[in-house]
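# Coordinate analysis (summary)
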Amino acid sequence: MAPPMSANRFLDLLKDEGVTVVEVGNWREHNRNHVGPWGPVHGVMIHHTVTSGTEQTVRICRDGHSTLPGPLCHGVITKDGRVHLVGYGRSNHAGLGDDDVLRAVIAEKRLPPDNEANTDGNRHFYGFECENLGDGEDPWTDEQLDAIEKVSAAVCRHHGWTERSVIGHLEWQPGKIDPKGFTMDAMRERIGERLK
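Now for a quick tour of the structure. (Residues numbered from 1 in each chain as written. Predicted model: local features only at pLDDT ≥ 70, side-chain atom pairs only at ≥ 80, totals over all residues. Heavy atoms only, no water.)

## Let's talk about the environment of Pro40
Among the structural elements, Pro40 can be located in the loop between strand E1 (21-23) and strand E2 (43-48). When the C-alpha positions of Pro40 and Leu72 are compared, they lie 19 Å apart, and in sequence the two are 32 residues distant. (Helix = DSSP H or I, 4+ residues; strand = E, 2+ residues; numbered from the N terminus.)

## Regarding the sheet that holds strand E6 (residues 83-85)
Strands in a sheet are paired, the pairing made by backbone hydrogen bonds, and the direction either parallel or antiparallel. The sheet built from six strands is open, its strands ordered E1-E6-E5-E9-E2-E10 with mixed pairing. With one partner strand each, in any of the chains shown, E1 and strand E10 (166-168) form the two edges of the open sheet. Within the sheet, the average angular offset between the axes of one strand and its neighbour, ignoring direction, is 25°. In this structure, E2 lies alongside E10, joined through three bridges in parallel fashion. Bridging from a neighbouring strand, Met45 pairs with Ile167 of E10. Sheet strands touched by helix H4 (residues 142-159): E2, strand E5 (75-77), E6, strand E9 (125-130) and E10. Its angle to E9, the strand with the most contacts, is close to 170°. (Pairing = 2+ DSSP bridges. Axes fitted to C-alpha atoms, helices over the stretch in contact; angles between N-to-C directions. Contact = heavy atoms within 4.5 Å.)

## Points about the packing of aromatic side chains
Tallied over the entire structure, the rule returns ten aromatic pairs. With a centroid separation of 6.0 Å and 90° between ring planes, the pair formed by Trp27 and Tyr88 is classed as edge-to-face. One end of the pair, Trp27, is in the loop between E1 and E2; the other, Tyr88, is in the loop between E6 and strand E7 (96-97), with 61 residues separating them in the sequence. The burial state of Trp27 is the same as that of Tyr88; both residues are buried. Judged by centre distance (4.9 Å) and plane angle (90°), the rings of Trp140 and Phe182 are edge-to-face. Taken together, the residues Trp140 in the loop between E9 and H4 and Phe182 in the loop between E10 and helix H5 (184-195) connect sequence positions 42 residues apart. Summarising the burial analysis for this pair, Trp140 and Phe182 share the class buried. (Phe/Tyr/Trp six-rings, centres within 6.5 Å; stacked < 30°, edge-to-face > 60°. Buried < 20%, exposed > 50% of the residue type's maximum accessible area, 1.4 Å probe, protein only.)

## Side note on the side chain of Asp138
Take Asp138: it is sitting in the loop between E9 and H4. Overall, Asp138 belongs to the buried group, its relative accessible area being 16%. A distance of 2.9 Å separates polar atoms of two side chains, one belonging to Asp138 and the other to Lys79. For Asp138, the side chain forms a polar contact with the main-chain nitrogen of Leu133, separated by 2.8 Å. If we skip the residues at most four places from it in the chain, Asp138 touches Lys79, Asn132 and Leu133. (Polar contact = N/O pair within 3.5 Å; in protein donor to acceptor, adjacent residues only side chain to side chain.)

Have a look at this one:
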């Protein structure tokens, strides 16, 4: 079982990995811990936002919207590759997902198909939302893909995890398609190379 690292350690690790970080407001204390626990943590989850524009994207991910209060992740990766820290602790990003997938992440094995939503993912995953329309046509910038690789590697290195601890939302929850526009297998390969 892995307890979440401190917010300050999280910030330091991202910077040490070469990530350009933007701290947004009181991100260290902005969370959903009052509705349930955060931890033990078992992995990193990658999403796309279905938004465009840095300011709007960061605001939505920090504050949420009428049907889902923020924060909606820990970090927002914008098109320029910057990582905007909007919350730390439990956040509304993963939702309910497949317990078989969680077991595979913990064991760092190949993921089974996600065919049920019976397990609280907000408790167990660090979450990064990435600015992209999610239509398969909005391009992913090199800077963004590099930042996804770096943040994932930084968290994995701290916890002693391999790239198998990094998943996409589409691998966790039936019906989800994010991130769309690159494959998680290709991203895990990049992360694995970085962790060598």
